[in-house]
Amino acid sequence: MQLYSVRRLQLSRCAETHCSAFRHNSGVDRIAAIQAFVRVVEAGSFARAAQRLRSSTSSISRQIAALEQHLSARLLNRTTRKLSLTEGGQAFYERSVQLLAELEEAEQLASATAASPRGTIRLTCPRNLAAQQVAPVIARFATRHPSVRFDVTVSDGLVDLVEEGFDLAIRIGRVGAEGLVARRLGRVRLVLAAAPSYLRSNRAPRVPTDLTAHRALTYAYSTAPHLWRLIGPDGDAHEVRVAGQLIANSGELLIASAVAGLGLVLQPEFMLEPELTAGNLVRVLPDYEGPWLDTWAVYPSRRHLSAKVRLFVDHLVESFGAEGAPSTTASRA
């Protein structure tokens, strides 16, 4: 650990030395220029990058121009419609992301602030977890660590963490592309339910095969939206192909439609619980258990995980109640 800390400290001092030389020659802070370059790539535009860095577009443009001049190489192809990386720019971007992560950790280790992290955590999570599960976890962490800020994007799609510049994702079921690192947070169970009004008009199913005669409200981001899987009392799995009038990428919309009597819904139990308790929905096929899905914290690289993200992942595991699951290399969903 001592050698590790010394290596980071050396990196920090080395970066500072090169930064000073670059600043002397160009009037621009090299590290700030590299950070601006990385943010432009992640944001896809100078304007959005300037907004994230709380700077001006002209300042960001000058920094990157000076960086390209210093390197004697073009990093970005600029058109009126979009930005794209040159071949050299792609290689420089990948190394720059690593450098910034290493530098941040080096500064924290050198100044003994690893226990008091700072900076921004860019996080993406699904809608069905955002308000009920993720928001309270962020609130507790932010209160404990006031120097950490959160930039959260709520999306049910599997965004590219590296391409979009995210530090971390929270996902249910599907982990994502190969090469990601995943840490298990817990499990959620899917429950089959319908409104009493729907069941009065449509005979309640008694066995899974009866579902083929019912209207199913299906979730678009499921691996197989029209294939529902239930586990019987004897432990046997039953897969039934279903159909209906509505498919959506929002669990809240599907549940609201089920309450309105449009059909059957298969959604996480914690989302259905308020409607079940209120009597707006009732369990269907209660002797058959819906599938369990794992909840994951997913990030691009264990090697370059910053101190603040590592600490927040530990906080997530503690908050979600997973039994200390180790980090594992993700496989393609």
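Residues numbered from 1 in each chain as written. Predicted model: local features only at pLDDT ≥ 70, side-chain atom pairs only at ≥ 80, totals over all residues. Heavy atoms only, no water.

Q: I tried to follow the overall build of the protein on my own but got confused; where do I start?
A: Within the protein, the secondary structure is distributed over 11 helices and 14 strands. Counting all 333 residues of the protein, 44% fall into the buried class. Of the roughly 17,200 Å² that the protein leaves accessible, carbon and sulfur atoms contribute 50%. (Helix = DSSP H or I, 4+ residues; strand = E, 2+ residues; numbered from the N terminus. Buried < 20%, exposed > 50% of the residue type's maximum accessible area, 1.4 Å probe, protein only. Areas by Shrake-Rupley, 256 points an atom, 1.4 Å probe, with all protein chains shown as cover.)

Q: What should I look at first to understand helix H6 (residues 127–144) in this one?
A: Because an α-helix packs 3.6 residues into every turn, residues spaced three or four apart end up facing the same way. When the terminal C-alpha atoms of H6 are compared, their 25 Å separation across 18 residues agrees well with the 26 Å that a helix rising 1.5 Å per residue should span. In H6, a bend of some 50° at Val134 exceeds every other bend along the element, and Pro136, a proline, comes one to four places later. All of the buried residues in H6 are Asn128, Leu129, Ala130, Val134, Val137, Ile138 and Phe141. (Expected span 1.5 Å × (residues − 1). Bend = angle between axes of the 7 residues up to and from the residue.)

Q: Which parts of the structure should I look at to understand the packing of aromatic side chains?
A: Aromatic ring pairs are defined here through the distance separating the ring centres and the angle between the ring planes. The tally for this structure, following the rule as stated, stands at 6 aromatic pairs. With centroids separated by 6.0 Å and ring planes inclined at 80°, the aromatic side chains of Phe141 and Phe150 adopt a geometry described as edge-to-face. Ring centres of Tyr219 and Tyr221 lie 6.1 Å apart, and the angle between their planes is 85°; this geometry places the pair in the edge-to-face category. Using a relative accessible area of 16% as the deciding quantity, one classes Tyr219 as buried. On the basis of relative accessible area, Tyr221 is assigned to the partly exposed category, the value being 30%. (Phe/Tyr/Trp six-rings, centres within 6.5 Å; stacked < 30°, edge-to-face > 60°.)

Q: What should I look at first to understand unusual backbone geometry in this one?
A: In terms of backbone geometry, most residues other than glycine have negative phi values and most peptide bonds are trans. At Arg54, a residue that is not glycine, the phi angle is positive and equals roughly 55°. Its location among the elements puts Arg54 in the loop between helix H3 (46–52) and helix H4 (57–71). Residue Leu285 is not a glycine yet carries a positive backbone phi of 50°. Relative to the helices and strands, Leu285 resides in the loop between strand S12 (282–283) and strand S13 (292–299). On the basis of relative accessibility, which here comes to 5%, the residue Leu285 falls in the buried class.

Q: Please explain the side chain of Arg189 as it appears in this structure.
A: Mapped onto the fold, Arg189 is located in strand S6 (residues 181–194). Overall, Arg189 belongs to the buried group, its relative accessible area being 17%. For Arg189, the contacting residues outside a window of four places in its chain are Gln267, Pro268, Glu269, Arg283, Glu289, Gly290, Pro291 and Trp292. (Contact = heavy atoms within 4.5 Å.)

Q: Sorry, what's going on with the nonpolar core here?
A: Looking at soluble globular proteins, one finds that nonpolar side chains tend to be buried together. Leu168, Ile170, Leu272, Leu281, Phe312 and Leu316 are the most contacted members of the largest nonpolar core, which totals 41 residues. The residues contacting Leu168, other than those within four sequence positions of it, are Arg122, Leu123, Thr124, Leu161, Ala297, Val298, Tyr299, Phe312, Val313 and Leu316. Listed in part, the 20 residues of the second largest apolar core include Ile34, Val38, Leu75 and Leu103. (Core = buried A, V, L, I, M, F, W, Y, C linked by side-chain atoms within 4.5 Å.)

Q: In this structure, what is going on with the pairing of strand S9 (residues 237–241)? I would like to understand it.
A: Across a regular strand the side chains alternate sides, sitting on one face of the sheet and then on the other. Taken together, the 5 bridges between strand S8 (residues 227–231) and S9 define a ladder with antiparallel strand orientation. Looking across to S9, one finds that Leu227 is bridged to Arg241. In this structure, the hairpin formed by S8 and S9 is closed by a connection of 5 residues, where Gly235 is found at a positive phi of approximately 90°. (Pairing = 2+ DSSP bridges.)

Q: In this structure, what is going on with the environment of Val175? I would like to understand it.
A: Along the chain, Val175 falls in the loop between strand S5 (168–172) and S6. Expressed as a C-alpha distance, the spacing of Val175 and Trp296, which sit 121 residues apart in the sequence, is 7.0 Å.

Q: How do you make sense of the pairing of strand S4 (residues 148–154) when you look at a structure like this?
A: For strand S3 (residues 119–125) and S4, the ladder comprises 7 bridges, and the chain directions are parallel. Among the inter-strand pairings, Arg122 is bridged to a residue of S4, identified as Asp151. Following the chain from S3 across H6 to the adjacent parallel S4, one finds a crossover that is right-handed. (Right-handed = clockwise from strand over helix to strand, strands pointing away.)

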